[in-house]
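Notes for the structure review
Residue strings, one per chain:
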Amino acid sequence: NIRDTNFANLALNKDVVEAATRDITTTIAAIRSESRLNELLQLKGPLNPQLMLKIGRSHLESLLVSADNPYLVDIVVYLKDIETILTTRDVFFSTSLFYRSFFSEADTPYDDWHAELSYPQYVRRSPTFKRISYYGESYDVIELQEPLPVTPRLLSRGTLIAYVNRDAVESLMRKRL
């Protein structure tokens, strides 16, 4: 029966999406609870060169957990008080350098992107679909934004952004059918 087959396919796709979501949520939770990240969120600028070097060494350890997730383009962490971007590939002590040279969102100027990133209130935003350029490659992504740190206070000191590769999730769904 075609109807039963369609329902079975929908149920299978639901299971695939739920498994991918669970993997991504676990990755985000691991990074958000990382003690080194919480230490970095407490820093105030400007940074001296020795502290910049320390951040460079420790950022990879706290973010590399996301490198093994096949659904993620990357996870980007913005440290508001020191205007620093952490990715699994690099540390950027200039948000404008990061945006203009390594990352951009289609149809979004830097000032608009930065304003959204540095929003002062502790707000968890709904997932959004975007087209990004990241290290010279274009991706259709689902953007998941989480305020940082995880505290009872309602002021954000940073933002964690997971860029979920839509093609990877859709490809996984096609393989399951």
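The present account deals with the structure reproduced in this document. (Residues numbered from 1 in each chain as written. Predicted model: local features only at pLDDT ≥ 70, side-chain atom pairs only at ≥ 80, totals over all residues. Heavy atoms only, no water.)

Tallying secondary structure elements over the protein chain gives six helices and seven strands in all. Mapped in sequence order, the helices and strands of the protein chain form the string α-α-α-β-β-β-α-β-α-β-β-β-α. Sequence-distant contacts, at least 24 apart, represent 63% of the contacts inside the protein chain between residues at least 6 apart. Working note: accessible area of the protein chain is about 9,800 Å², and carbon and sulfur atoms make up 54% of it. (Helix = DSSP H or I, 4+ residues; strand = E, 2+ residues; numbered from the N terminus. Contact = heavy atoms within 4.5 Å. Areas by Shrake-Rupley, 256 points an atom, 1.4 Å probe, with all protein chains shown as cover.)

To continue, consider the packing of aromatic side chains. Taken as a whole and assessed by the stated rule, the structure comprises 13 aromatic pairs. Arranged with centres 5.0 Å apart and planes meeting at 50°, the rings of Phe 92 and Phe 98 form a pair that is tilted. Aromatic side chains Tyr 134 and Tyr 135 sit 4.8 Å apart centroid to centroid with 80° between the ring planes, which places their arrangement in the edge-to-face category. Of the residues examined, Tyr 134 reaches a relative accessible area of 2% and is grouped as buried. Taking relative accessible area as the criterion, Tyr 135 reaches 22% and is therefore assigned partly exposed. (Phe/Tyr/Trp six-rings, centres within 6.5 Å; stacked < 30°, edge-to-face > 60°. Buried < 20%, exposed > 50% of the residue type's maximum accessible area, 1.4 Å probe, protein only.)

We now examine the sheet that holds strand β6 (residues 137–148). Sheet strands associate in pairs through backbone hydrogen bonding, adopting either a parallel or an antiparallel arrangement. With antiparallel pairing, seven strands are arranged side by side in an open sheet as β3-β2-β1-β7-β6-β5-β4. Unpaired on one side and paired on the other, β3 (91–92) and β4 (103–105) mark the two borders of the sheet. Contacts between helix α5 (residues 110–117) and the sheet are confined to β1 (72–79), β2 (84–86), β4, β5 (128–134), β6 and β7 (158–165), with β7 contributing the most and set at about 115° to the helix. (Pairing = 2+ DSSP bridges. Axes fitted to C-alpha atoms, helices over the stretch in contact; angles between N-to-C directions.)

Attention now moves to unusual backbone geometry. At Glu 83, a position not held by glycine, the phi torsion is positive, near 45°. Secondary-structure assignment places Glu 83 in the loop between β1 and β2. Judged by its relative accessible area of 27%, Glu 83 is partly exposed. A positive phi angle, close to 60°, is found at Asp 107, a residue other than glycine. On the secondary structure map, Asp 107 appears in the loop between β4 and α5. Residue class for Asp 107 comes out exposed when judged on its relative accessible area of 81%.

Before going further, it helps to examine the environment of His 114. Here His 114 lies in helix α5. Put simply, His 114 and Ser 96 are 18 residues apart on the chain and 8.4 Å apart in space, counted from C-alpha to C-alpha. Setting aside residues no more than four positions away along its own chain, His 114 makes contact with Tyr 78, Glu 83 and Thr 95.

Among the secondary structure elements, Glu 105 is positioned in strand β4. The exposure class of Glu 105 is buried, given its relative accessible area of 7%. When neighbours within four sequence positions are excluded, Glu 105 is seen to be in contact with Tyr 99, Trp 113, Lys 130, Arg 131, Ile 132, Glu 143 and Tyr 163.

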